[in-house]
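Given next are the chains, with one letter for each unit.
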Amino acid sequence: MTKNFSQTAAFIWSVADLLRGDFKQSQYGRIILPFTLLRRLECVLADTKAAVVVESERIAEKGLPEEAQEKFIIRASKHAFYNTSPMDLSKMGQSDIKDNLNTYVQSFSKDAREIFEHFKFEEFVGQLADANLLYKVVQKFANTDLSPNAISNHEMGFVFEELIRRFAESSNETAGEHFTPRDIVRLTTSLVFMEDDDALTKDGIIRTIYDPTAGTGGFLSSGMEYVLELNPDAVMRTYGQELNPESYAICKADMLIKGQEVNNIKLGNTLSSDQLVAEKFDYMLSNPPFGVDWKKISGEINDEHTQKGFDGRFGAGLPRVSDGSLLFLMHLISKMRPIVSHGQGENEATDSSTQNSTNSNQGSRIGIILNGSPLFTGGAGSGESEIRRYILEADLLEAIIALPTDMFYNTGIATYVWVLSNKKADERRGKVQLIDGSNLYSKMRKSLGSKRNEMSEDDIKTITKSFGNFEVVDARVLDKPEEVKSNRGRQSANPKAEPAKTFASKIFATHEFGYRRITIERPLRLSAQLSNEAIDSLRYAPKPFDMVMPALYEAFGDNWTTDSESSSDNNNNYGDLSAVTLEARAMIKADFSELKESQVKDVLAAKLWQSQLALMNKAKALQAAIGTHQSDDFNEFDKVFKQALKDADVSLDTKEKKQLLDAITWKNPEAEPVIKKAVKVANPLYGAFSYKSSNSNQPAKVVEFQTDSDLRDYENVTLNPEVTTTELIESYFAREVQPHVPDAWINSDKTDAIDEEIGIVGFEIPFNRHFYVYEPPRPLAEIDADLDAVSTEIMQLLGEVHS
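Every value quoted in this text rests on a predicted model; they were computed, and no experiment measured them. (Residues numbered from 1 in each chain as written. Predicted model: local features only at pLDDT ≥ 70, side-chain atom pairs only at ≥ 80, totals over all residues. Heavy atoms only, no water.)

**A word on helix α16 (residues 325–334)**
Filter applied, for reference: Three exposure classes are used, based on accessible area relative to the maximum for each residue type with a 1.4 Å probe and protein chains only: buried under 20%, partly exposed in between, and exposed over 50%. Here a strand is any run of E in DSSP of at least two residues, a helix any run of H or I of at least four, and the numbering for each starts at the N terminus.
Along α16, nine of the ten residues are buried, which leaves the element largely enclosed by surrounding structure. Within α16, the full set of buried residues consists of Ser325, Leu326, Leu327, Phe328, Leu329, Met330, His331, Leu332 and Ile333.

Below, the structure is given as structure tokens:
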């Protein structure tokens with residue numbers, strides 16, 4: 001069978017020899033695939049062709065709508081599709097072949113006709129006609145026997161997949177958009193299906209497969225192929241949705257060839273418009289696009305998240321808009337069949353796709369390929385972390401497998417297969433298996449885009465065996481050839497030994513990926529001094545004017561008065577730039593182009609300058625009352641400051657007071673902590689300290705301090721379900737924080753939104769950290785020898801230049 005379909009596919013692809021020169025290589029598949037489909041469909045329909053033509057003519061006289069006509073004609077066709085034209089490819093003469101072919105295609109039933117529309121078949125037919133190639137191509141396919149007697153549906157599926165693969169390889173610059181490499185498809189399919197004994201053994205078993213990013217249907221085909229190889233009597237029903245019209249057409253054509261119900265393949269964006277909204281599935285396989293943003297559909301996604309919550313697909317949270325991978329994962333989880341009790345009858349299945357299943361509604365399994373970012377991006381409380389939290393706390397994640405790099409056509413980044421299920425085996429409950437398969441690959445003889453590596457059947461078996469056995473495998477050296485190094489350039493005298501290629505598997509409890517992020521606060525410590533320099537700085541407003549005002553004052557402020565005793569007329573002239581507006585504006589535009597026009601107008605107006613002058617003069621009045629000595633106890637200084645405001649009859653609004661205090665205070669680790677308020681009960685772990693100033697004779701009192709945001713820190717405390725949250729964080733704080741910073745405390749206001757306990761729960765899966773193997777650096781003697789050799793070589797080269 002393998003030889004048969006390979007030879008057939010190679011023969012069909014030889015049409016490319018006709019196209020070469022007139023069409024780009026990336027266009028070959030756009031012509032060959034629809035012609036292959038066209039020929040297969042007419043071969044399948046040949047036996048009932050005459051009856052369909054007669055029935056079509058009879059029905060046409062009745063004037064029925066198209067849907068009604070289809071029902072009658074399908075009965076005559078005995079297939080899920082038909083063609084009402086008496087013509088076929090062998091009957092098309094050379095004259096008017098373009099119009100005849102287009103008419104022939106338009107005579108297909110709606111589903112089949114739609115496929116050709118998405119292939120843009122009519123457009124390519126026109127291009128073939130213009131190149132005088134249409135007749136030759138039609139004759140080539142007319143003489144190709146694709147009848148069911150010559151090649152079965154199952155074999156025809158292989159032929160079409162081989163053509164799709166050739167198409168993907170011929171246009172590998174975009175292959176990754178619609179084609180997942182077969183080795184990755186095979187691995188993922190094996191992991192998802194391997195534990196379903198019923199599907200692999202029982203007669204007449206019915207299973208549904210779904211791919212929300214169907215592409216050309218590789219995962220759907222592989223799922224069917226995997227099950228039917230082991231159980232030919234199983235019934236597989238495929239469902240999918242695809243955004244790209246061309247990929248959708250290929251997928252739909254592939255499913256039509258394999259006898260699937262093509263109405264189950266939908267066109268559109270799965271995230272913003274789920275067209276299989278009421279369906280649940282047994283198996284789900286997906287390779288969503290890596291790192292693609294969802295900004296264009298953020299309105300629909302946000303609305304579903306906020307309005308439906310967990311009744312929709314995205315209740316757990318939303319990832320950052322720059323990467324929608326986790327949205328696809330949540331979409332798949334929403335499609336899982338619920339687990340029902342064994343006492344529930346099979347006739348109580350929730351949707352039509354399971355009515356004949358002998359094991360209906362018994363959960364689902366998911367295999368999805370993701371890049372590295374969903375493992376760890378986003379801190380505690382972020383959308384990504386909350387999604388991981390939901391998956392792990394619901395115990396849906398079975399395993400994550402690290403794949404080799406350079407496995408995909410359009411990217412060389414690290415990728416991972418996530419396997420999820422809501423019907424875990426007993427030994428897997430509450431646990432997650434991590435498998436490092438990153439070294440299970442062989443180099444390809446010829447790269448295809450970014451795909452340089454491939455996994456053999458033995459590599460796939462190594463992973464599936466470890467997964468199936470649910471076993472811990474300590475790092476085991478693989479029998480893999482060493483990488484071939486380039487011999488270009490100067491070679492090291494002591495080349496670094498390449499690390500051994502290993503395979504490993506580890507098993508973790510789900511809570512081991514969780515942590516509680518606690519906020520650690522420290523007190524604000526301020527010193528204060530009404531120095532002349534601090535007061536002079538009040539001449540200028542804070543950001544965004546803190547740079548432009550000094551420059552303007554230096555350039556144009558020589559004659560402005562700053563004397564607080566000056567007459568009001570002179571003070572009103574302070575900051576008047578009207579005489580030099582053009583020069584001042586030119587300087588601003590040249591040196592401070594970041595300022596907006598409204599800000600330029602403000603800084604050129606005298607009002608801003610005069611208000612700053614008034615603040616500076618108020619500060620001078622306070623300086624006269626307080627003096628210029630430095631205070632390292634802001635609590636005492638604040639009392640003196642408030643009294644001085646009364647004594648000097650100075651009033652400050654909120655904005656003025658903030659700018660003044662910012663100017664005369666600075667953080668000083670040697671200063672006393674700033675008191676926020678007095679409290680009744682001491683609890684130093686949570687910021688209630690018994691405090692007595694070193695400069696005061698007053699007795700100690702219990703207070704809370706102002707926090708210093710610059711000293712704020714966060715600690716991630718690993719979850720431990722065996723102890724309470726209070727015990728967990730307090731013991732950690734006493735052990736890891738308090739000995740190093742005695743004045744720190746836990747911020748008890750930062751609580752988790754779900755369990756409302758102190759600290760925010762986060763989840764991450766640091767895959768590489770768990771498999772990291774320390775490699776000691778080379779001995780210093782070897783490094784010195786290399787440096788000496790390089791230095792000697794450089795000196796020789798310099799000597800040659802000078803000579």
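Now that the structure has been shown, the text picks up again.
**Section: the packing of helix α25 (residues 606–626) against helix α27 (residues 654–664)**
Which entries qualify depends on this criterion: Lines fitted to the C-alpha atoms define the axes, with helices restricted to the stretch that makes contact. Angles between their N-to-C directions range from 0 to 180 degrees. In these notes the angle categories are as follows: under 35 degrees is roughly parallel, over 145 is roughly antiparallel, 65 to 115 is roughly perpendicular, and the rest is oblique. Handedness of a helix crossing follows the sense of rotation of the near helix relative to the far helix, less than a right angle counterclockwise being left-handed and clockwise being right-handed. For this analysis, residues touch if any pair of their heavy atoms sits within 4.5 Å. Each residue is assigned to one class: nonpolar for Ala, Val, Leu, Ile, Met, Phe, Trp, Tyr, Cys and Pro, charged for Asp, Glu, Lys and Arg, and polar for all the others, Gly among them.
The contact between α25 and α27 brings their axes to 11 Å, and the two run at 60°. On the basis of the axis angle, α25 is oblique to α27. Of the two elements, α25 crosses α27, and the hand of that crossing is right-handed. The residues of α27 that touch α25, namely those facing Gln612, Leu615, Lys618, Ala619 and Leu622, are Glu656, Gln659 and Leu660. Here the contact of α25 with α27 is built from residues that sort into four nonpolar, two polar and two charged.

**Here's the deal with unusual backbone geometry**
Among all residues save glycine, negative phi is the norm, and among peptide bonds the norm is trans. Between Lys543 and the following residue, Pro544, the backbone shows a cis peptide bond with an omega angle of 10°. As for its placement among the helices and strands, Pro544 is situated in the loop between α20 (532–536) and α21 (548–556). The phi torsion at Phe470 lies on the positive side, around 50°, for a residue other than glycine. Relative to the elements of secondary structure, Phe470 occurs in the loop between α19 (457–469) and β11 (473–477). Judged by relative accessible area, which is 13%, Phe470 ranks as buried. One non-glycine residue with positive phi stands out, namely Asp649, at about 55°.

**Quick look at the sheet that holds strand β3 (residues 265–267)**
Just so we agree on the cut-off: Two strands make a pair as long as DSSP finds a minimum of two bridges between them.
Across the sheet, ten strands lie side by side as β3-β2-β1-β4-β5-β7-β6-β8-β12-β11; this open sheet has mixed pairing. Two strands in the sheet have a free side with no partner beyond their single neighbour: β3 and β11. For this sheet the average axis-to-axis angle between neighbouring strands, irrespective of direction, equals 15°. Of the pairings in the sheet, the one linking strand β5 (residues 365–371) to strand β7 (residues 415–421) comprises seven bridges and is antiparallel in character. Considered in β7, the bridge of Gly367 is made with Val419. Contacts from helix α13 (residues 218–230) reach β1 (206–211), β2 (235–242), β3, β4 (283–286) and β5 within the one sheet, and its direction differs from that of β2 by about 170°.

**Points about the environment of Tyr691**
For clarity, the threshold we go by: Under the rule applied, a polar contact is a pair of N or O atoms within 3.5 Å (in protein, one hydrogen donor and one hydrogen acceptor; residues adjacent in sequence only if both atoms are side-chain atoms).
Note on placement: Tyr691 falls in strand β17 (residues 689–691). Here the alpha-carbon distance between Tyr691 and Ile675, two residues 16 residues apart in the chain, equals 9.3 Å. Here the side chain of Tyr691 touches Glu672 through a polar contact of 2.7 Å, side chain to side chain.

**Let's talk about the packing of α21 against α25**
Angle between the axes and distance between the axes: these two values describe a pair of packed helices. Where α21 meets α25, the axes come as close as 13 Å, and the angle between the chain directions of the two elements is 95°. Of the possible angle classes, the one that applies to α21 and α25 is roughly perpendicular. Judged by residue contacts, Met549, Leu552 and Tyr553 of α21 engage Leu608, Trp609 and Gln612 from α25. Looking at the contact of α21 with α25 residue by residue, the classes come out as five nonpolar, one polar and no charged.

**Observations regarding the sheet that holds β17**
In spatial order, the strands read β16-β18-β17; together these three strands make up an open sheet with antiparallel pairing. Strands at the two margins of the open sheet, each flanked by one partner only, are β16 (675–678) and β17. Across the sheet, the mean angle from the axis of one strand to that of its neighbour is 55°, orientation sign disregarded. Taken together, the three bridges between β16 and strand β18 (residues 701–705) define a ladder with antiparallel strand orientation. Looking across to β18, one finds that Ala678 is bridged to Val703.

**What about the pattern of salt bridges?**
Stated precisely, the cut-off is as follows: Whenever Lys or Arg places a side-chain nitrogen within 4 Å of a carboxyl oxygen from Asp or Glu, that contact is recorded as a salt bridge.
Counting across every chain of the model gives 36 salt bridges. The salt bridge involving Arg182 is made with Glu225; its shortest N-O contact spans 3.0 Å. Here Arg182 is found in helix α11 (residues 182–193), whereas its partner Glu225 is found in helix α13, with 43 residues between them in sequence. Residue classification places Arg182 among the partly exposed positions, given a relative accessible area of 31%. With a closest N to O distance of 2.7 Å, Asp274 and Lys335 form a salt bridge. One end of the pair, Asp274, is in the loop between β3 and β4; the other, Lys335, is in the loop between α16 and β5, and 61 residues separate them in sequence. Through salt bridges with shared partners, one network takes in Arg182, Arg186, Glu225 and Glu229.

**A look at the packing of aromatic side chains**
Heads up, the condition is: A pair of Phe, Tyr and Trp rings is counted when the ring centres sit within 6.5 Å of each other, with Trp represented by its six-membered ring. The angle between the planes then sorts it: under 30 degrees is stacked, over 60 is edge-to-face, the rest tilted. The rule for a charge over a ring is simple: NZ of Lys or CZ of Arg within 6 Å of the ring centre, and within 35 degrees of the ring normal.
One pass over the full model with this rule turns up 23 aromatic pairs. Chaining the aromatic ring pairs together yields one cluster made of Phe35, Tyr104, Phe108, Phe116, Phe121 and Phe141. Over the ring of Phe72 we find Arg75; its NZ or CZ atom is 5.5 Å from the centre of that ring. Against the face of Tyr714 rests Arg517, its NZ or CZ located 5.0 Å from the ring centre.

**Section: α11**
Rule in force here: Take the number of residues in a helix, subtract one, and multiply by 1.5 Å to get its expected span.
With twelve residues, α11 ought to run about 16 Å at 1.5 Å a step, and its terminal C-alpha atoms sit 16 Å apart, in line with that. Within α11, eleven of the twelve residues are buried, which leaves the element mostly enclosed by the surrounding structure.

**Description of the nonpolar core**
Filter applied, for reference: We call a set of buried Ala, Val, Leu, Ile, Met, Phe, Trp, Tyr and Cys residues a nonpolar core when their side-chain atoms join them within 4.5 Å.
Ile32, Phe35, Leu38 and Leu101 are the most contacted members of the largest nonpolar core, which has 96 residues in total. In terms of residue count, the dominant contributor to this core is helix α3 (residues 28–45) (eleven residues). Beyond its immediate chain neighbours, meaning those up to four positions away, Ile32 contacts Ile12, Trp13, Val15, Ala16, Leu19, Phe141 and Leu163. The next biggest cluster of nonpolar side chains, apart from the first, holds 45 residues, and it includes Phe314, Phe513, Phe763 and Phe771.

**Some remarks on the side chain of Glu42**
Relative to the assigned elements, Glu42 resides in helix α3. Accessibility expressed as a relative area gives 8% for Glu42, which makes it buried. Within polar-contact distance, the side chain of Glu42 engages the side chain of Arg39 at 2.6 Å. Dropping the residues within four chain positions of it, Glu42 is found in contact with Asp88, Leu89 and Tyr104.

**A word on the environment of Met336**
In this fold, Met336 is placed in the loop between α16 and β5. Judged by relative accessible area, which is 8%, Met336 ranks as buried. Each C-alpha atom of the pair Met336 and Asp662 lies 58 Å from the other, and the pair is 326 residues apart in sequence. Ignoring sequence-local partners within four residues, the contact set of Met336 consists of Lys280, Met284, Ser364, Ile366, Leu396, Leu420, Ser421 and Asn422.

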